[in-house]
Amino acid sequence: MTVDLDGRSLTLEQAEAIADGARCRLTPDAKARVRASRKVVEDACADGKQVYGVNTGFGHLARVRIADDKLEELQLNLIRSHCAGVGEPLPERTVRAILALRANCLVRGHSGLRLETVERLCAMLRHRIHPVIPSQGSVGASGDLAPLAHLALTLIGEGEVFHDGRRTSAAKALRKAGLKPLQLRAKEGLALINGTQVMSAIGLQALLSAERLCAAADLIGAMSLEALLGSHRAFDRRIHDARAQPGQRTSAANLRKLLRGSGIEKSHSDCGRVQDCYSLRCIPQVHGAVRDALAYVRGVLEREVNASTDNPMVFVESGELVSGGNFHGQPVSVALDHLGTAVCSLATISERRVERLVNPDLSRLPAFLAHDPGLHSGFMIAQVTAAALVSENKILAHPASVDTIPTSAAKEDHVSMGTHAARKAARIVSHVRTVLAIEAMCACQALDMLSPLKAARAVEAARRALRRRVPHLARDRVLSGDIADTEALIESGALRRAAEKVCGELR
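All values derive from a computational prediction rather than experimental measurement. Every chain begins its residue count from 1, and numbering advances along the sequence as written. Confidence filtering applies because this is a predicted model: local features only for residues at pLDDT of at least 70, side-chain atom pairs given and counted only at 80 or more, and all residues used for totals across whole chains, interfaces and linings. Computation of side-chain values covers all heavy atoms of the structure but excludes hydrogens and water.

> Sorry, what's going on with the packing of helix H9 (residues 197-227) against helix H18 (residues 457-467) here?
In a packed pair of helices, the relevant descriptors are the angle between the two axes and the axis-to-axis distance. For helices, the fitted line uses only the C-alpha atoms of the stretch in contact; every axis is such a line through C-alpha atoms, and the angle between N-to-C directions lies from 0 to 180 degrees. What counts as a helix is a DSSP run of H or I of at least four residues, what counts as a strand is a run of E of at least two, and both are numbered from the N terminus. The N-to-C vectors of H9 and H18 enclose an angle of 105 degrees; their axes lie 10 Å apart at closest approach. As summarised for this structure, H9 and H18 are arranged roughly perpendicular, according to the angle between their axes. Residues Leu219, Ala222, Met223 and Glu226 of H9 lie in contact with H18, whose contacting residues are Val459, Ala462 and Arg463. Residue composition of the contact of H9 with H18, grouped by class: five nonpolar, no polar and two charged. The labels follow the angle: roughly parallel below 35 degrees, roughly antiparallel above 145, roughly perpendicular from 65 to 115, and oblique for the rest. Should any heavy atoms of two residues lie within 4.5 Å, those residues are counted as being in contact. Note on residue categories: nonpolar means Ala, Val, Leu, Ile, Met, Phe, Trp, Tyr, Cys or Pro, charged means Asp, Glu, Lys or Arg, and polar means any other residue, Gly included.

> Just checking my understanding: could you explain the packing of aromatic side chains for this structure?
Pairs of aromatic rings are described using the distance from one ring centre to the other and the angle between the two planes. Working definition: a ring pair exists when centres of Phe, Tyr or Trp rings (six-membered ring for Trp) sit within 6.5 Å. Plane angles under 30 degrees give stacked, over 60 give edge-to-face, the rest tilted. Under the counting rule described, the total for this entry stands at one aromatic pair. With 6.2 Å between their ring centres and 85 degrees between their planes, Tyr52 and Phe58 make a pair best called edge-to-face. Only protein chains enter the accessibility calculation, which uses a 1.4 Å probe. A residue is then buried if its area is under 20% of the maximum for its type, exposed if over 50%, and partly exposed in between. Its relative accessible area of 16% is what places Phe58 among the buried residues.

> Even after reading the chapter, I still don't get a nonpolar patch on the surface, so can you show me in this structure?
Residues enter patches when their relative accessible area tops 30% and they take part in no salt bridge; the joining distance is 9 Å for like charges and 5 Å for the nonpolar side chains Val, Leu, Ile, Met, Phe, Trp and Tyr. Only the protein chains shown count as cover for residues, with accessible areas throughout obtained via the Shrake-Rupley method and a probe of 1.4 Å. Every case where a carboxyl oxygen of Asp or Glu lies within 4 Å of a side-chain nitrogen of Lys or Arg is listed as a salt bridge. A contiguous nonpolar surface patch, about 240 Å² in accessible area, is contributed by Met380, Ile381 and Val384. Mapped onto the elements, Met380 comes out in helix H16 (residues 380-396).

> Just checking my understanding: could you explain the pairing of strand S7 (residues 166-169) for this structure?
For a regular strand, side-chain orientation follows a simple rule: the groups alternate between the two sheet faces. Pairing between strand S6 (residues 160-163) and S7: four bridges, direction antiparallel. Each bridged residue has a counterpart across the sheet, and for His163 the counterpart in S7 is Arg166. Two strands are said to pair when DSSP picks up at least two bridges between them. Linking S6 to S7, which pair antiparallel, is a turn of two residues; within it Asp164 sits at a positive phi near 55 degrees.

> Sorry if this is basic, but what is going on with unusual backbone geometry here?
Trans is the prevailing form of peptide bonds, just as negative phi is the prevailing case for residues other than glycine. Following Asn311, the chain continues into Pro312 via a peptide bond in cis, with omega recorded as -5 degrees. Secondary-structure assignment places Pro312 in the loop between helix H14 (283-304) and strand S8 (313-315). Here the amide bond leading from Ser451 into Pro452 is cis, since omega sits at 15 degrees, within 30 degrees of zero. As for its position among the elements, Pro452 is in the loop between helix H17 (418-449) and H18. One non-glycine residue, Lys187, adopts positive backbone phi at about 75 degrees. Look at Lys187 and you get buried, because its relative accessible area is 1%. Phi angles above zero are rare outside glycine, and Met417 is one such case at about 55 degrees. Note that Met417 resides in the loop between H16 and H17.

> What should I look at first to understand the pattern of salt bridges in this one?
A pair can form between side chains of opposite charge whenever their charged atoms are brought close. Scanning the entire structure with this criterion turns up 33 salt bridges. In this structure, Glu158 engages Arg80 in a salt bridge whose closest nitrogen and oxygen atoms are separated by 2.6 Å. Taken together, the positions of Glu158 in the loop between helix H6 (145-155) and S6 and Arg80 in helix H3 (residues 71-82) put the pair 78 residues apart, joining distant regions of the chain. Arg238 is the partner of Asp236 in a salt bridge, and the nearest nitrogen-oxygen pair spans 2.7 Å. Given a relative accessible area of 22%, Asp236 falls into the partly exposed group. Residue classification places Arg238 among the exposed residues on the basis of a relative accessible area of 63%. One salt-bridge network, in which partners are shared between bridges, spans Glu16, Asp20, Arg93, Arg212, Arg433 and Glu491.

Any functional reading would require information that these geometric values do not contain.
Structure follows, in structure tokens:
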């Protein structure tokens with residue numbers, strides 16, 4: 001698969017495909033825009049105009065004029081000095097997304113780089129040369145300066161990269177790929193590091209995972225509802241149409257599909273229970289609210305991955321370079337905080353269903369779903385793990401976007417903390433996936449114990465899919481591997497696809 005980059009139409013799914021190994025190339029129109037914007041920069045240099053970042057210092061030093069014979073040294077110094085990131089390197093998959101987003105931003109034609117510089121980003125992806133980018137050091141304005149500087153450093157043959165599965169010097173990897181280190185020209189260093197692509201790349205990967213978890217949560221919630229002998233009446237279309245919240249209606253529709261043909265429901269149709277607890281009855285309302293929040297986040301990121309976030313901005317029509325603040329990450333930071341806080345609810349309600357499955361006082365099931373409670377502890381500590389992750393998410397959900405701290409001698413006196421928001425959101429999503437995996441394991445165990453009663457056909461299909469990977473817990477064993485295997489089934493979509501073969505597509 002090859003993705004065409006034109007600066008205007010990149011989808012989040014295409015960015016994820018590049019992260020997963022797809023190639024990318026610049027469209028002819030994009031190349032023309034890059035050449036035109038570069039001419040504006042070169043004309044400004046020839047005219048001797050004082051332009052920020054082209055022939056001046058940076059940040060608080062913007063008033064310092066740089067001599068013409070020092071302009072290339074200025075860009076080189078900028079990249080080296082801004083490589084002050086710390087912490088564990090970002091995953092290669094995330095780095096690939098960053099490279100793609102940066103290239104897509106630059107081809108909009110507002111940055112003024114040479115075409116060969118932009119094409120080098122695509123070449124790095126093609127040759128699987130992935131810069132080592134430290135995860136910490138960005139405050140989200142002027143964009144992701146330190147992380148993107150570490151990316152830019154590798155283009156000039158300095159710093160480190162991952163190549164062929166190994167961490168090595170950029171110079172060695174470029175040489176092996178037949179690529180010469182670039183020599184940056186006027187404005188190119190600044191254009192490479194001014195932007196929100198690090199927070200956006202981490203954020204879009206977290207969003208797409210969270211969106212997949214929404215459908216998985218509906219499925220796993222349906223499995224628990226069946227295991228707990230819950231009522232289907234709360235998902236009546238009329239109830240949800242009366243409120244008309246789109247996410248809620250979608251989740252309710254999914255549940256109606258998933259719960260068709262249930263033998264378990266027929267077995268307790270005259271039980272006398274009027275209504276279920278909220279963690280069962282209100283699945284559409286809670287899961288749906290998450291869906292609606294993610295729809296807002298998607299809109300922000302879809303715009304951001306096709307946005308110009310450079311400074312100064314090049315306007316070809318007027319031949320101007322104009323200073324602004326599109327590098328400021330606040331729109332992304334606020335959205336990713338929203339992602340993190342919203343998706344927490346998938347885990348909080350899931351953990352409550354886990355508690356009902358393992359607590360004999362709240363169900364008709366054996367204590368902790370063990371066959372010989374006392375001798376065996378069953379899923380006792382799996383529920384504790386779920387509770388621990390839910391509580392950790394509450395800490396992580398504190399918004400990063402409300403924080404700011406002045407930098408660069410108070411020139412950059414309000415910053416977004418967007419990359420903090422992105423990294424937190426990604427951790428929260430990972431925790432949610434684990435909690436849902438624990439619920440899926442508990443629900444399957446409970447459904448096994450209800451045999452010979454049969455759950456809804458789609459639920460049974462999902463149970464069988466999980467059982468092909470994770471066996472029934474007949475006696476105590478180490479559960480960590482089972483949890484990881486179940487997470488993999490959820491993230492890959494295999495659990496969902498098993499149910500969809502029976503009930504049709506889940507939204």
